[in-house]
Amino acid sequence: MSLIYDEAKKLYAGIGIDTDEAVKKLSEISLSIHCWQGDDVGGFESTGELTGGIQATGNYPGKARNMEELMADIDKTLSLVGGHHRINLHAIYADYSDGVVSRDKLEPKHFDKWIEFAKERGLGIDINPTLFSHPLAADGLTLSHPDEKVRRFWIDHCKAIRKIGAYIGEKLGTPCLNNIWIPDGYKETPADRTSPRARLKAALDEILSVKYDRRYLVDSVESKVFGIGVESYTVGSHEFYMNYAALNNCYCLLDNGHFHPTESVADKIPSMLLFSDKVALHVTRGVRWDSDHVVGYTDELKEIAKEIVIAGPEKVIIGLDYFDASINRIAAWVMGIRNMQKALLGAMLTPHEKLAKCQNDGNFTEMFVLSEEVKSCPVGAVWDKFCEINNVPAGVDWYNEVKEYENTVLAERK
Ligand code: RNT
Ligand code: ZN
């Protein structure tokens, strides 16, 4: 294997790229790993169904049923991917061992077990209020609800989660990203597009009026173009949040499954970064009506990775967001994480400066020729080196470990 790496190293050196350096840099990029892939966005609050215009389909056996199982599955996943990462939690993954608490009453102590878990493994934590799968979100409206009492409940929930996020960030010594996504929208063309957005704006103003040290907590807002059942209008649209974030000291979170299919999130990243020091991402794969298939090693992903690498990875808060219940859930996690990393590595192995010079010199032929050539350079050989250095299985060897875990651990979950 290292023979192949040595050849690849020489080849990349020929186009001015240091593969050792790329492998090292890749180890420094942390991804926020979404806990909700482990149990189909179920959480521990209730056994009710998933609502809010999102759906996990499939019933592959072995899903995590409680915090211990979810933690064990995250551990298995982490053992198969290189690098140091973060875990992304939703409010409904709180520790309810002393009884279920209403979402507006959640407290920092409900996340102590996760903090302990993260500390022991050197992980960061990000958090999300959960504004779906709840009786008060049954009509698909939360922070934009016309009923003041419903809005109050969700505002208080978001405030509780920000407080928890700041506590987590302080305990772990790394800023916790609190991301707000709401499902609010309408199935049919609305008569009034303005009032719901005005209510959402006022709700966010109140939620964010509580100030926290940015060393511990940062906030983002996530837009969406449509959801199942809310096809005609989404209150939290991209224009709404892009402007809101720009004016309110929070980040815009771009989920690449939340735009029209021909829109490119890769193209949005450098634009956003001219106006903000950071941008947050939910990396996913949209397929027709679904915005949440497992992240594949696609052209779309490679373009996103390219923009992250060109901008500087520290400017992009990378989170994963998908949930597939039709295949082994740990395999789904591992594939998505490894594909994201592989795409970042591919971007690091691309001579961006040279290509940019071609563009700026008007030398479009060479730019095209070179960028096409780079596509078939041996990224895989460098990827295997990354795995070797990080002590994780290269190639498909990781899958054997997942199968073993399925046969021994998951099979017991009946
Ligand atoms: C839904 C959004 C949101 C959720 C998670 C569970 O369309 O993408 O980010 O997927 O919060
Ligand atoms: Zn998302």
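Note: the structure precedes this text.
Keep in mind that what you see is a predicted model, and the values were worked out from it rather than measured.

Trainee: Tell me about the site of ligand 1, and please be specific about residues and values.
Mentor: Taken together, Trp36, Ile54, His90, Trp181, Glu222, Lys224, Asp255, His258, His282, Asp321 and Phe323 make up all the residues around ligand 1. Within the side chain of histidine 90, a nitrogen or oxygen atom sits 2.7 Å from an oxygen atom of ligand 1. Between ligand 1 and glutamate 222, the relevant distance is 2.7 Å, taken from an oxygen atom to a side-chain nitrogen or oxygen of the residue. Look at ligand 1: alone it shows 300 Å² of surface, and the protein chains cover 100% of it. More than half of the atoms belonging to ligand 1 lie within 2 Å of the grid points that define the largest cavity.

Trainee: Run through empty space enclosed by the protein, naming residues and quoting values.
Mentor: A full pass over the atoms with the stated rule returns 5 cavities of 30 Å³ or more. Considered as a void within the structure, the largest cavity measures approximately 180 Å³ in volume. If you trace the largest cavity, you find 18 residues lining it, with His90, Phe132, Trp181, Glu222 and Asp321 closest to the centre. Approximately 60 Å³ is the volume found for the second largest cavity. Around the second largest cavity, the lining residues are Ser32, Asn88, Asp126, Asn128, Leu177, Asn179, Leu253, Leu281, His282, Ile317, Ile318 and Gly319. Broken down by secondary-structure element, the contributors of at least two residues to the lining of the second largest cavity are strand S3 (124-128), strand S4 (176-180), strand S9 (279-283) and strand S12 (316-320).

Trainee: Outline the packing of helix H4 (residues 112-121) against helix H5 (residues 148-172), supporting the account with residue identities and numerical values.
Mentor: Interhelical geometry of H4 versus H5 gives an angle of 30° and a closest axis separation of 11 Å. Taken together, the axis directions place H4 and H5 in an arrangement best described as roughly parallel. Two packed elements cross with a definite hand, and for H4 against H5 that hand is right-handed. Across the interface between the two elements, Asp112, Ile115, Ala118 and Lys119 of H4 pack against Tyr167, Ile168, Lys171 and Leu172 of H5. Residues belonging to the contact of H4 with H5 are distributed by class as follows: 5 nonpolar, no polar and 3 charged.

Trainee: Please provide a residue-by-residue account of the layout of surface pockets, values included.
Mentor: Taken as a whole, the largest pocket holds about 1300 Å³ of empty space. Forming the boundary of the largest pocket are 39 residues, of which Lys306, Ala347, Thr350, His352 and Leu355 lie nearest the centre. Contributing elements (two or more residues each) for the lining of the largest pocket: helix H2 (19-27), helix H9 (299-311), helix H10 (329-348), helix H11 (352-360) and helix H12 (364-375). Looking at the lining of the largest pocket element by element, the count peaks at 7 residues for H9. Residue classes in the lining of the largest pocket are distributed as 20 nonpolar, 8 polar and 11 charged. Along the wall of the second largest pocket there are 33 residues; nearest its centre are Asp39, Gly42, Gly43, Ser46 and Thr47.

Trainee: Would you mind going over helix H7 (residues 238-247) in detail, with residue names and values included?
Mentor: Along H7, the residues classified as buried are His238, Phe240, Tyr241, Tyr244 and Ala245. For H7, the angular spread of buried residues about the axis comes to 155°, placing them on one side. Structural note: H7 exposes Glu239, Ala246 and Leu247 on the side pointing more than 90 degrees away from its buried face. Downstream of H7 by one or two residues, asparagine 249 has phi in the positive range, about 55°.

Rules used throughout
- Residues numbered from 1 in each chain as written.
- Chains lettered and ligands numbered in written order.
- Predicted model: local features only at pLDDT ≥ 70, side-chain atom pairs only at ≥ 80, totals over all residues.
- Heavy atoms only, no water.
- Near = heavy atom within 4 Å.
- Polar contact = N/O pair within 3.5 Å; in protein donor to acceptor, adjacent residues only side chain to side chain.
- Areas by Shrake-Rupley, 256 points an atom, 1.4 Å probe, with all protein chains shown as cover.
- 1 Å grid on protein atoms, 1.4 Å probe; cavity = no way out; pocket = protein on both sides within 12 Å on 5 of 7 lines; lining within 4 Å.
- Sits in = over half its atoms within 2 Å of the grid points.
- Points joined across faces, edges and corners; volume = space filled by probe spheres on them.
- Helix = DSSP H or I, 4+ residues; strand = E, 2+ residues; numbered from the N terminus.
- Axes fitted to C-alpha atoms, helices over the stretch in contact; angles between N-to-C directions.
- Parallel < 35°, antiparallel > 145°, perpendicular 65-115°, else oblique.
- Left-handed = near helix turned anticlockwise from the far one by under 90°.
- Contact = heavy atoms within 4.5 Å.
- Nonpolar A, V, L, I, M, F, W, Y, C, P; charged D, E, K, R; others polar.
- Buried < 20%, exposed > 50% of the residue type's maximum accessible area, 1.4 Å probe, protein only.
- Arc of directions from axis to C-beta.

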